[in-house]
Amino acid sequence: MVKKNDTFNMIEKDFLKNNIKIDRVGFYDDPNFIRVEQKNSTYLNEYAKYVQLKMYDVEYLKNVRVKLPIIAELLNKELIRDGRLGACIDISSTLSRILEEEGIWNHMMFGSLSIEFPKKSGIPQKHFWSIDIKDNVRAAHAWIFVPPYHVVDLTIKQQEYKQGEEQYLPSMILSESYREYTPTYKDLISPEAMRILAYRGIKSVDVLSRTIPQFKVFNNDFKSISTSYNETKLHYIPTSVSAPDLSFIEARNLKLSGKYGYEIYRDIIKPVLNLKDM
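Quick look at the structure, then. (Residues numbered from 1 in each chain as written. Predicted model: local features only at pLDDT ≥ 70, side-chain atom pairs only at ≥ 80, totals over all residues. Heavy atoms only, no water.)

We now examine empty space enclosed by the protein. A water-sized probe rolled over the atoms picks out the places where empty space is left. Inspection of the entire model under this criterion finds one cavity of 30 Å³ or more. Considered as a void within the structure, the largest cavity measures approximately 40 Å³ in volume. The wall of the largest cavity is formed by Tyr28, Leu44, Tyr47, Ser96, Glu100, Asn106, His107, Met108, Ser242, Ala243 and Pro244. For the lining of the largest cavity, the elements supplying multiple residues, two or more each, are α3 (44-53), α5 (88-101) and β1 (107-116). When its residues are assigned to classes, the lining of the largest cavity shows six nonpolar, four polar and one charged. (1 Å grid on protein atoms, 1.4 Å probe; cavity = no way out; pocket = protein on both sides within 12 Å on 5 of 7 lines; lining within 4 Å. Points joined across faces, edges and corners; volume = space filled by probe spheres on them. Helix = DSSP H or I, 4+ residues; strand = E, 2+ residues; numbered from the N terminus. Nonpolar A, V, L, I, M, F, W, Y, C, P; charged D, E, K, R; others polar.)

Here you go:
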């Protein structure tokens, strides 16, 4: 059995072999990393494994636990003030870049999300499916992994709900505690998509291996996990690793109340962090 430290050492050795500078957060932007990634489309997974397996000292983790809640709350407030819904990808990429500016290791995750509401609510399970009949959807849901937090999700409440679901959800999730979750095809594939697949002769027992052949291997490295808020259970099922495409200053994917992501960091978040450091 390969030990975690052994896996980390192997990944680090490969980065160094490819002349990738690993001494800074967000080194997936290194030209040599990009060069390898152009030949290996799953190479970003190695960066994510590196982040997850890296050993962090007590002082570093203390710093994360102080800064992340402040950053998350301020960015979440800007999202709520703007009123935008369904911004999980753009908020996650912006938060990822802000954390990198602060020297905090993290990586983005795309995947499915299943929510079990309290029985007293009368609300059925809510799913964000990775395979659906909707067009132009880059990801069902997005969140980030920030050691020691396994799930950081700032848009959980800012989605297009129709049955009062938001009253059973927190404004954001910063979760260190979790348990492993075993997903089924119902977590990943919508009933409408499943009916089309069944019509094509694909049985439910084979549907994941036929439609997402890489999922089993990917899920061995990046586990599906559950966390909770009061009596609500949230199941996060990763299907791919992602990262921001452009530099933080260049990015124009997120604009809240007239400010782009970098401007929100510069004008709103950084001044508060500076006061905290005084």
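There is more to say after this.
Turning our eyes to something else, we now look at the packing of aromatic side chains. Applying the stated criterion across every chain yields a total of 19 aromatic pairs. For the ring pair Phe15 and Phe27, a centre distance of 5.1 Å and an interplane angle of 75° mean the geometry is edge-to-face. Here Phe27 lies in the loop between α1 (4-17) and α2 (31-39) and Phe15 lies in helix α1, a separation of twelve residues in the sequence. No difference in accessibility class separates Phe15 from Phe27, as the two residues are buried. Between Phe27 and Trp105 the ring centres are 6.0 Å apart and the planes differ by 75°, which places this aromatic pair in the edge-to-face class. With Phe27 in the loop between α1 and α2 and Trp105 in the loop between α5 and β1, this residue pair connects regions lying 78 residues apart in the sequence. Counting every residue linked through ring pairs, the aromatic cluster contains Phe8, Phe15, Phe27, Tyr28, Phe33, Tyr43, Tyr47, Tyr50 and Trp105. The lysine or arginine in question, Arg252, covers the ring of Tyr260, its NZ or CZ lying 4.4 Å from the ring centre. (Phe/Tyr/Trp six-rings, centres within 6.5 Å; stacked < 30°, edge-to-face > 60°. Buried < 20%, exposed > 50% of the residue type's maximum accessible area, 1.4 Å probe, protein only. Lys NZ or Arg CZ within 6 Å of the ring centre and 35° of its normal.)

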